[in-house]
Amino acid sequence: MSDPHHTADHDAHAAPSPSGLKKIAALLVLLGLPLVVVGSLVGCNKTQTGGQIASDMSEEAVAGRIQKVGRFQLGEASREPKTGEQVYQAQCTTCHAAGLVGAPKFGDAAAWAPRLATGYEALLNSALKGKGNMAAQGGGAFADFEVGRAVAYMANAAGAQFEEPEAPDAEAPDAAAAEAK
Ligand code: HEC
């Protein structure tokens, strides 16, 4: 009783008295209760036994949960294709809204007419590679089809009737790879 170690190997040669056992039990409850409370808070949306709570708080399990969140966010960022209007607002307004540095102004049919006459592919090519005072992609970093959408959006505002290109099918990596070539 004077030495109430509670590891098994010590108990073997110094078996504690009943009152000593009570103290140990009380100690275990005091130590264990907060763990169970924390454990049930962490896993509050699942029904778990004590053993599962302990394993769910392991480094591996925690890392797994963090990874899931991280992956979800990455997926969101890389899979949310922008519309032509969004790309235009984000990148192209700088010059095209007011017609800066010789850019054909948004909605100015007269300024766009000779350019529209060259066709969508030629306009897309200029937007992707740059032309005159315009850098490649207008200085942006979009997927090619997103720039295509912005070209269609701007051209249509000036009287063209281009269709905004579809996003490459996420479930067909072959199509996406072909698009990138
Ligand atoms: C830094 C200013 C600037 C930004 C930003 C910019 N452009 Fe331009 N853009 C120009 C200028 C200048 C021209 C005229 C180039 C010329 O004909 O010499 C032009 C011309 C164009 C043309 C006509 C090309 C042709 O072949 O006649 C298209 C299409 C176009 N821009 C699309 C875009 C798109 C899409 C964006 C946004 C992703 C964008 N631009 C962003 C300055 C800009």
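Details of the structure are given in the entry above.
These remarks concern the structure in this document. Because the structure is a prediction, the values reported are computed rather than measured. (Residues numbered from 1 in each chain as written. Predicted model: local features only at pLDDT ≥ 70, side-chain atom pairs only at ≥ 80, totals over all residues. Heavy atoms only, no water.)

### So, the packing of helix α7 (residues 120-129) against helix α8 (residues 144-157)
For the pair α7 and α8, interaxial distance at closest approach is 9 Å and the crossing angle is 120 degrees. Between α7 and α8, the crossing angle belongs to the class labelled oblique. Handedness of the α7/α8 crossing: right-handed. For the pair α7 and α8, contact is made by Tyr120, Leu123, Leu124, Ala127 and Leu128 and by Asp144, Val147, Gly148, Val151 and Ala152, respectively. Looking at side-chain class alone, the contact of α7 with α8 contains eight nonpolar, one polar and one charged residues. (Axes fitted to C-alpha atoms, helices over the stretch in contact; angles between N-to-C directions. Helix = DSSP H or I, 4+ residues; strand = E, 2+ residues; numbered from the N terminus. Parallel < 35°, antiparallel > 145°, perpendicular 65-115°, else oblique. Left-handed = near helix turned anticlockwise from the far one by under 90°. Contact = heavy atoms within 4.5 Å. Nonpolar A, V, L, I, M, F, W, Y, C, P; charged D, E, K, R; others polar.)

### Observations regarding the packing of aromatic side chains
Following the criterion strictly, the structure yields four aromatic pairs and no others. Arranged with centres 5.6 Å apart and planes meeting at 50 degrees, the rings of tyrosine 88 and tyrosine 153 form a pair that is tilted. Here tyrosine 153 lies in helix α8 and tyrosine 88 lies in helix α5 (residues 84-96), a separation of 65 residues in the sequence. Exposure remark for tyrosine 88: the relative accessible area of 4% places this residue in the buried category. Taken together, Tyr88, Phe106 and Tyr153 form an aromatic cluster joined through their ring pairs. (Phe/Tyr/Trp six-rings, centres within 6.5 Å; stacked < 30°, edge-to-face > 60°. Buried < 20%, exposed > 50% of the residue type's maximum accessible area, 1.4 Å probe, protein only.)

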